[in-house]
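Residue-level listing of the chains:
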Amino acid sequence: MKTIHNIFVAGALLAACAGASGQQVNVICSVQADWCNMIATVYAKTTGVKINLALKGSGEALAQLIAEKDNPKTDVWFGGTGDPHLQAAEQGLTLEYKSPSLPQLYPWAQQQAQQSGFKTVGIYSGPLGFGYNTELLAKKKLAAPRSWADLLKPEYKGDIQVANPASSGTAYTMIATLVQLMGEDKAFEYLKGLHRNVGQYTRSGTGPIKAVARGETAVSISFVHDAPQERMQGFPVETATPSEGTGAEIGSMSIIKGARNLDQAKKFYEWALTPGPQAFGAAAKQYQLPSNKATVVDPNVPDFKKIKMIDYDYKKYGASTERRRLIARWEKEVNSLPR
């Protein structure tokens, strides 16, 4: 992996393009705080342009953009699951911008741009799967889950955590994945069966893997790139991806329609698509696959070639009407059931 020193050097090469000192750009950042702060620090040092940073989850970010629609205070929205970015595009909150860097990106990132009318772009991807605590499973004499079907086994009752899809992009990705994998009615029958084994629905998508790491639950449904950081801290965490197939998030970036600092927004956007800045995720111990094909990939990043992926329809399941409908059905048919 590139060292941070090399990343600084790579960023410095772009300084001449970024405009004079004293300029600024207002960024909502929906990745982890360390990653956001690294972006702000390096960008300011290498370009002389200040980033005014607001850290918000993707749901909160979308709500802010809707509230500020008539008088935007944000220039760029960086990171977070792609569905809310697609909803922002659908609602006319983001600007059409066809980056000259698109040919350098993986097809899934280019597809995200095309499906949004070039109002957002993929900047990283990460597959959905399971996290599990090896010590807790051994203590309970439980096998590690390898399939969606495994999670319905009665021996896992109370030992699974997943986030609430009403507040978490991770959990909504799970519902959309199961619907595409099984068909909607069968998927909801599955979710009812899973509900019996869920000990807790957390507010955030990273909550379940943190609970697994600390031995508070045996199994989580999580993005598998969230596990290595826990493992590095000494927790007994391993991951698996379901044998039937799984979906993935496409973290995205969007320029806000009506941005006050549009020129600087476009320069930041282009910078963020280059290999040096795309390595910041792994430097901040976040292990999604970067979208620029030239980015050096950290060995902790999941190998998509070894994972059975579904052909996830991001356009359909990123639409606000479809999201609201599926979450409402989950609330009515699944979350209302006793456990």
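Here is what the cut-offs are and how they apply
- Residue numbering note: each chain is counted from 1, following its sequence as written.
- Local features in this predicted model are restricted to residues whose pLDDT is 70 or higher, and side-chain atom pairs enter the listing and the counts only when it is 80 or higher, whereas totals over whole chains, interfaces and linings include all residues.
- No hydrogens and no water enter the side-chain calculation; it runs on all heavy atoms of the structure.
- Starting at the N terminus, helices and strands are each numbered in turn, a helix being any DSSP run of H or I of at least four residues and a strand any DSSP run of E of at least two.
- When a residue's accessible area, from a 1.4 Å probe over protein chains only, is under 20% of the maximum for its type it is buried; when over 50% it is exposed; and in between it is partly exposed.
- Pairs of residues are marked as contacts when any of their non-hydrogen atoms sit within 4.5 Å.
- Every accessible area reported is derived by Shrake-Rupley at a probe size of 1.4 Å, with residue values counting cover from the shown protein chains alone.
- As used throughout, the charge tally considers Lys and Arg to be positive and Asp and Glu to be negative, leaving His and the chain termini uncounted.
- The atom standing in for a charge is NZ when the residue is Lys, CZ when it is Arg, CG when it is Asp and CD when it is Glu.
- In this description, the arc belongs to the directions extending from the helix axis to the C-beta atoms.
- Here the nonpolar core consists of buried residues drawn from Ala, Val, Leu, Ile, Met, Phe, Trp, Tyr and Cys, with membership extended through side-chain atoms lying within 4.5 Å.
- When DSSP finds two or more bridges between a pair of strands, those strands are recorded as paired.
- In summary, the pairing rule links any two rings of Phe, Tyr or Trp, Trp by its six-membered ring, whose centres are within 6.5 Å, and it sorts them by plane angle into stacked for under 30 degrees, edge-to-face for over 60 and tilted for everything else.
- Salt bridges are counted wherever a side-chain nitrogen of Lys or Arg sits within 4 Å of a carboxyl oxygen of Asp or Glu.

### A closer look at the overall build of the chain
Phase 1 of the analysis: Each helix and strand counted, the chain has 15 helices and 10 strands in total.
Phase 2 of the analysis: Dimensions along the principal axes, computed over C-alpha positions, put the chain at roughly 60 × 40 × 30 Å.
Phase 3 of the analysis: Residues classed as buried in the chain amount to 56% of the 339 residues present.
Phase 4 of the analysis: Put simply, 78% of the contacts in the chain that link residues at least 6 apart link residues at least 24 apart.
Phase 5 of the analysis: When the accessible surface of the chain is summed, it comes to about 14,000 Å², and 51% of that surface belongs to carbon and sulfur atoms.
Phase 6 of the analysis: One finds the centroid of the 38 positive side-chain charges in the chain at a distance of 1 Å from the centroid of its 30 negative side-chain charges.

### A few points about helix 3 (residues 58-67)
Phase 1 of the analysis: Taken together, the buried positions of helix 3 are occupied by S58, A61, L62, Q64 and L65. Projected down its long axis, helix 3 carries its buried residues within an arc of 160°, all on one side.
Phase 2 of the analysis: The inward-facing, buried residues of helix 3 contact strand 1 (24-29), strand 3 (76-78) and helix 4 (82-90).

### Topic: the nonpolar core
Phase 1 of the analysis: Counting residues in each nonpolar core, the largest one holds 81 residues, and the members touching the most others are F78, M174, M253 and F268.
Phase 2 of the analysis: Ignoring sequence-local partners within four residues, the contact set of F78 consists of V27, I28, C29, S30, V31, W35, I39, I123, S252, M253, F268 and A272.
Phase 3 of the analysis: Counting 8 residues, the second largest nonpolar core, distinct from the first, contains I28, A61, L62 and I256.

### A word on the pairing of strand 9 (residues 248-255)
Phase 1 of the analysis: A large share of strand 9 lies buried, amounting to 8 of its 8 residues.
Phase 2 of the analysis: The side-chain alternation of strand 9 yields two buried faces, one formed by A248, I250, S252 and S254 and the other by E249, G251, M253 and I255.
Phase 3 of the analysis: Here strand 3 runs beside strand 9; their pairing, made up of 3 bridges, is antiparallel. Residue pairing in the sheet places V76 in a bridge with I255 of strand 9.
Phase 4 of the analysis: Bridge analysis of strand 4 (residues 121-133) against strand 9 gives 6 bridges, and the strand direction is antiparallel. Of the residues in strand 9, the one forming a bridge with G126 is E249.

### A word on the packing of aromatic side chains
Phase 1 of the analysis: Using the criterion set out here, one finds 14 aromatic pairs in the structure.
Phase 2 of the analysis: Where Y106 meets W108, the ring centres are 5.9 Å apart and the plane angle is 15°; that geometry is what we call stacked.
Phase 3 of the analysis: Residue classification places Y106 among the partly exposed residues on the basis of a relative accessible area of 24%.
Phase 4 of the analysis: Among the aromatic side chains, those forming a connected cluster through ring pairs are W35, Y43, F78, Y124, F268, W271 and F280.

### Some details on the pattern of salt bridges
Phase 1 of the analysis: Taken as a whole and judged by the stated rule, the model has 13 salt bridges.
Phase 2 of the analysis: Close ionic contact of K153 with D150 constitutes a salt bridge, the shortest N to O distance being 3.2 Å.
Phase 3 of the analysis: K153 sits in the partly exposed class, given a relative accessible area of 36%.
Phase 4 of the analysis: Notably, a salt bridge pairs E322 with R325, separated by 3.0 Å at the nearest N-O pair. Of this pair, E322 and R325 both sit in helix 15 (residues 320-335), 3 residues apart, which is roughly one turn of that helix.
Phase 5 of the analysis: Residue classification places E322 among the buried residues on the basis of a relative accessible area of 12%.
Phase 6 of the analysis: Overall, R325 belongs to the partly exposed group, its relative accessible area being 36%.
Phase 7 of the analysis: One network of salt bridges, with partners in common, ties together E184, D185, E189, K192, E322, R325, R329 and E333.

All quantities given are derived from atomic positions and should not be read as evidence of function.
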